[in-house]
Amino acid sequence: MLNFDYYNPTRIVFGEGSIARLDELVPADARVLVLYGGGSAERNGTLAEVEAALAGRSVQRFGGIEPNPAYETLMEAVALVRREKLDFLLAVGGGSVIDGTKFVAAAVGYDGEPWNILETYGKHIAQAVPMGCVLTLPATGSEMNCFSVITRKSLQAKLGFASPLVFPRFSVLDPVKTYSLPPRQIANGAVDAFVHVMEQYMTRPAAAPVQDRYAEGLLQTLIEVGPQALAEPGNYEVRANLMWAATQALNGLIGAGVPQDWATHMIGHEITALHGLDHAQTLAVVQPSLLALRREVKRDKLLQYAARVWNIHSGSADERIERAIAQTRDFFESLGVKTRLRDYGIGAEAIDLIIARLEAHGMTALGEDRAIDPALARRILQASL
Ligand code: NZQ
Ligand code: ZN
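Right, let's walk through the structure included here.

## Describing the nonpolar core
Judged by nonpolar contacts, the single largest core of 64 residues is most densely connected at Phe-194, Ile-271 and Tyr-305. In terms of residues, this core owes the most to one element, helix α7 (residues 183-201), which gives 10 residues. Discounting chain neighbours no more than four positions away, the residues touching Phe-194 are Leu-219, Leu-222, Ile-223, Tyr-305, Trp-310, Thr-328, Phe-331 and Phe-332. Counting 40 residues, the second largest nonpolar core, distinct from the first, contains Leu-80, Ala-91, Ala-106 and Val-108.

So this is what it looks like as structure tokens:
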């Protein structure tokens, strides 16, 4: 029986030239901190455009937020916001900058050690500094959700939190700002968005045809525009549709009221924390073997996926499932994202520690049925070698 509470307050301002709209989106009397990454936003002119749009306001910058944003770096931004009494945060970048900004927003007024936000999955956040986003990398959906994933380097831990208080007030999505992305990041983005849809769709039937068909539409769109975005970096329509698909893949709508998996992500986060793989690379490695090992519990949805997403209609049920999983792997590979641990120099000797970290982080009952225990996670990793 469908039963859910769907809430999403983020306003989306989409299209070429939309950064100029910041003037009406950010309060005129705001004391703004613009947060950004390693310099791409500076190099491609996005930062200058943002600051021009904010003219007349008090604006400070905080750069250097790294991919897989680090708690250690973000705490410097927290100190700056507290010291300068800044009251509006503007993230300019990809998922890492946006996630990092969400953490800063929640940490500034947090009662106690802010790492506790991650340890308690955001449960005790009572307030957050308002924030907005200018997205430069279509991938995570962070621009329209209330999740954030933070790494604490000293602990080699990568943990997430969620809070309705860190929904961005608005996100500006200008596809032109993605033209400067290197192919690796475009491919990563398409894979991440694809797997976000799969985490919410590839479970068991839940009498939710709206969510199912919406998810299948997003998957088909990603299969279509992912390769095009690599082949034609300056094609506005292609970049726009990739961007919009990635945002909708994780803004809560397709996951409303349906069972969700997320085991691929949780196992992937441990691989990134220990070995530094890009987030999407870990997903491309884990997802195909997870699907293969979970083919019985996911049987009905795998058959639906084979037929509706990959147009596989002939052969036995087992053959159709086999082919759908193979096509999924081929899709990731076709974008240039490798799907085996060995492709990243990781061998069987690494598995023990990944499992130990999953256990240490309480990730011992993963998946839509909570049946992925450490023993099954180990088999999934062995099948990913
Ligand atoms: O740091 P700069 O110099 O800006 O370069 C970045 C970075 O090196 C570059 N980049 C971004 N926009 C660019 C650009 N380069 C050229 N032109 C542009 N327009 O791309 C590199 C990667 O950026 P990053 O933000 O790390 O990538 P992504 O958006 O894939 O974010 C990944 C992070 O998001 C988390 C991941 O775990 C990872 O930490 N996730 C967040 C989620 C959420 N909040 O809902 C869900 C996801 O499952 C994911 O876990
Ligand atoms: Zn992801």
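So, next bit.
## Structural notes on the packing of aromatic side chains
Taken as a whole, this structure holds 11 aromatic pairs when the rule is applied. Considering the side-chain rings of Tyr-71 and Trp-115, the 5.4 Å spacing of their centres and the 75° angle between planes classify their relative orientation as edge-to-face. Placement of the pair is Tyr-71 in helix α4 (residues 71-84) and Trp-115 in helix α6 (residues 115-119), with a sequence separation of 44 residues. Neither residue differs from the other here; Tyr-71 and Trp-115 are each classed as buried. Their ring planes at 45° and their centres at 5.2 Å tell us that Phe-194 and Phe-331 sit as a pair that is tilted. Linking Phe-194 in helix α7 with Phe-331 in helix α13 (residues 317-334), this pair joins segments that are 137 residues apart in sequence. The rings of Phe-194, Tyr-201, Tyr-305, Trp-310, Phe-331 and Phe-332 are connected pair by pair, giving a single aromatic cluster.

## Structural notes on the coordination of the zinc ion (ligand 2)
Looking at the zinc ion (ligand 2), one finds its protein donor set to be Asp-192 (OD), His-196 (NE2), His-265 (NE2) and His-279 (NE2), positioned 2.0 to 2.2 Å from the metal centre. Site description for the zinc ion (ligand 2): donor spacing in sequence, D-x3-H-x68-H-x13-H. Here His-196 is found in helix α7, whereas its partner His-265 is found in helix α10 (residues 263-275), with 69 residues between them in sequence. On the accessibility criterion, His-196 (3% relative accessible area) is buried. Judged by its relative accessible area of 4%, His-265 falls in the buried class.

Calculation notes
- Residues numbered from 1 in each chain as written.
- Chains lettered and ligands numbered in written order.
- Predicted model: local features only at pLDDT ≥ 70, side-chain atom pairs only at ≥ 80, totals over all residues.
- Heavy atoms only, no water.
- Core = buried A, V, L, I, M, F, W, Y, C linked by side-chain atoms within 4.5 Å.
- Buried < 20%, exposed > 50% of the residue type's maximum accessible area, 1.4 Å probe, protein only.
- Helix = DSSP H or I, 4+ residues; strand = E, 2+ residues; numbered from the N terminus.
- Contact = heavy atoms within 4.5 Å.
- Phe/Tyr/Trp six-rings, centres within 6.5 Å; stacked < 30°, edge-to-face > 60°.
- Donors = N, O, S within 2.8 Å, 3.2 Å for Na, K, Ca; no water.

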